[in-house]
Amino acid sequence: WINYEEWLESLVTVAEESGAKVLVLKTTNFICAEKYVGAFATANILYSNHDNVILRACSDNIRANASDTTADIDIANYCMNGTFNDAGSGYLNERLYRFVDKKQHDSKCRVKLHVLNDHDIQSCKYTPLGNARHYHEMNLARIRILGNIMTCDETVSG
């Protein structure tokens, strides 16, 4: 999460090196926090309220496992915005869209990028209680949208 853009860049590099013409990146799922129960529900409340005790515990835990080069501000950002709720999902999706926008304006980029906006087609009614983040009932619709992206891209459809 902390190095998300670097990870995305490595995906683009692999796609380019393999000769791919198109790379489709998927948004993170919609997180339906009202479906959380137990520890997930409690954690969601604490993180959503920016509880200082939980944020300090998060920072301490990440710092103990992070490399020495990981900046404290990156760790704090992760603990504040890398949450397992829709605010965290939305934050990561914003980063994805910024990355794709930047790459689309990069004349050196040799692969066409698309975003499958999976997040916005999902809703609470399609995820079970206690799960809050998987939408198996929607898989066929999601595949159809991916197919539409590929069909509409002249690079792929010829």
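In this text, all values refer to a predicted model and were calculated from it rather than measured experimentally. (Residues numbered from 1 in each chain as written. Predicted model: local features only at pLDDT ≥ 70, side-chain atom pairs only at ≥ 80, totals over all residues. Heavy atoms only, no water.)

Participant: For the nonpolar core, give the residues involved together with the corresponding values.
Facilitator: As a rule of thumb, nonpolar side chains are buried together in soluble globular proteins. In terms of nonpolar packing, the biggest core is built from 14 residues, with Val12, Leu23, Leu96, Val100, Val111 and Leu113 touching the most fellow members. For this core, the elements supplying multiple residues, two or more each, are helix H1 (4-17), strand S1 (22-26), helix H5 (86-104) and strand S2 (112-116). Not counting the four nearest positions on each side in its chain, Leu96 is found in contact with Tyr4, Leu8, Leu25, Lys26, Thr27 and Val115. (Core = buried A, V, L, I, M, F, W, Y, C linked by side-chain atoms within 4.5 Å. Buried < 20%, exposed > 50% of the residue type's maximum accessible area, 1.4 Å probe, protein only. Helix = DSSP H or I, 4+ residues; strand = E, 2+ residues; numbered from the N terminus. Contact = heavy atoms within 4.5 Å.)

Participant: Tell me what's going on with the side chain of Asp118, and back it up with residues and numbers.
Facilitator: One can find Asp118 in the loop between S2 and helix H6 (139-152). Classification of Asp118 by relative accessible area gives buried; the value is 1%. Polar contacts involving the side chain of Asp118 include one to the side chain of Lys26, which spans 3.2 Å. Excluding anything up to four places from it in sequence, Asp118 contacts Lys26, Thr27, Asn29 and Arg142. (Polar contact = N/O pair within 3.5 Å; in protein donor to acceptor, adjacent residues only side chain to side chain.)

Participant: Explain the packing of aromatic side chains to me, using residue names and the numbers behind them.
Facilitator: One pass over the full model with this rule turns up six aromatic pairs. Three or more aromatic residues joined by ring pairs make a cluster, and in this case those are Trp1, Tyr78 and Tyr91. (Phe/Tyr/Trp six-rings, centres within 6.5 Å; stacked < 30°, edge-to-face > 60°.)

Participant: So what about unusual backbone geometry? Which residues, and what values?
Facilitator: Unlike most non-glycine residues, His50 shows phi in positive territory, near 50°. Phi at Ala132 is positive, roughly 75°, even though this residue is not glycine. By the element assignment, Ala132 lies in the loop between S2 and H6. Taking the relative accessible area as the measure of exposure, Ala132 reaches 0% and is therefore buried.

Participant: Summarise the environment of Ala132; cite the residues concerned and give the values.
Facilitator: With 103 residues separating them in the primary sequence, Ala132 and Asn29 have C-alpha atoms 9.5 Å apart. Aside from chain neighbours lying at most four places away, what touches Ala132 is Phe30, Ile31, Cys32, Lys35, Tyr36 and Thr127.

Participant: How would you explain the packing of helix H3 (residues 52-65) against helix H4 (residues 72-81) if you had to name every residue and give the values?
Facilitator: Axis angle and axis distance: for two packed helices, these are the angle between their axes and the distance between the axes, and together they describe the pair. In the contact formed by H3 and H4, the axes pass within 9 Å of each other and the chain directions differ by 130°. Between H3 and H4, the angle is such that the two are oblique. Classified by chirality, the crossing of H4 by H3 is right-handed. Between H3 and H4, the residues in contact are Leu55, Cys58, Ser59, Ile62 and Arg63 and Asp72, Ile75, Ala76, Tyr78, Cys79 and Met80, respectively. Class assignment for the residues of the contact of H3 with H4 results in eight nonpolar, one polar and two charged. (Axes fitted to C-alpha atoms, helices over the stretch in contact; angles between N-to-C directions. Parallel < 35°, antiparallel > 145°, perpendicular 65-115°, else oblique. Left-handed = near helix turned anticlockwise from the far one by under 90°. Nonpolar A, V, L, I, M, F, W, Y, C, P; charged D, E, K, R; others polar.)

Participant: Would you mind going over the environment of Asn77 in detail, with residue names and values included?
Facilitator: One can find Asn77 in helix H4. Take Asn77: its relative accessible area is 23%, and that puts it in the partly exposed class. A sequence separation of 17 residues divides Asn77 from Asp60, and the C-alpha atoms of the two residues are 13 Å apart. When neighbours within four sequence positions are excluded, Asn77 is seen to be in contact with Trp1, Gly82 and Tyr91.

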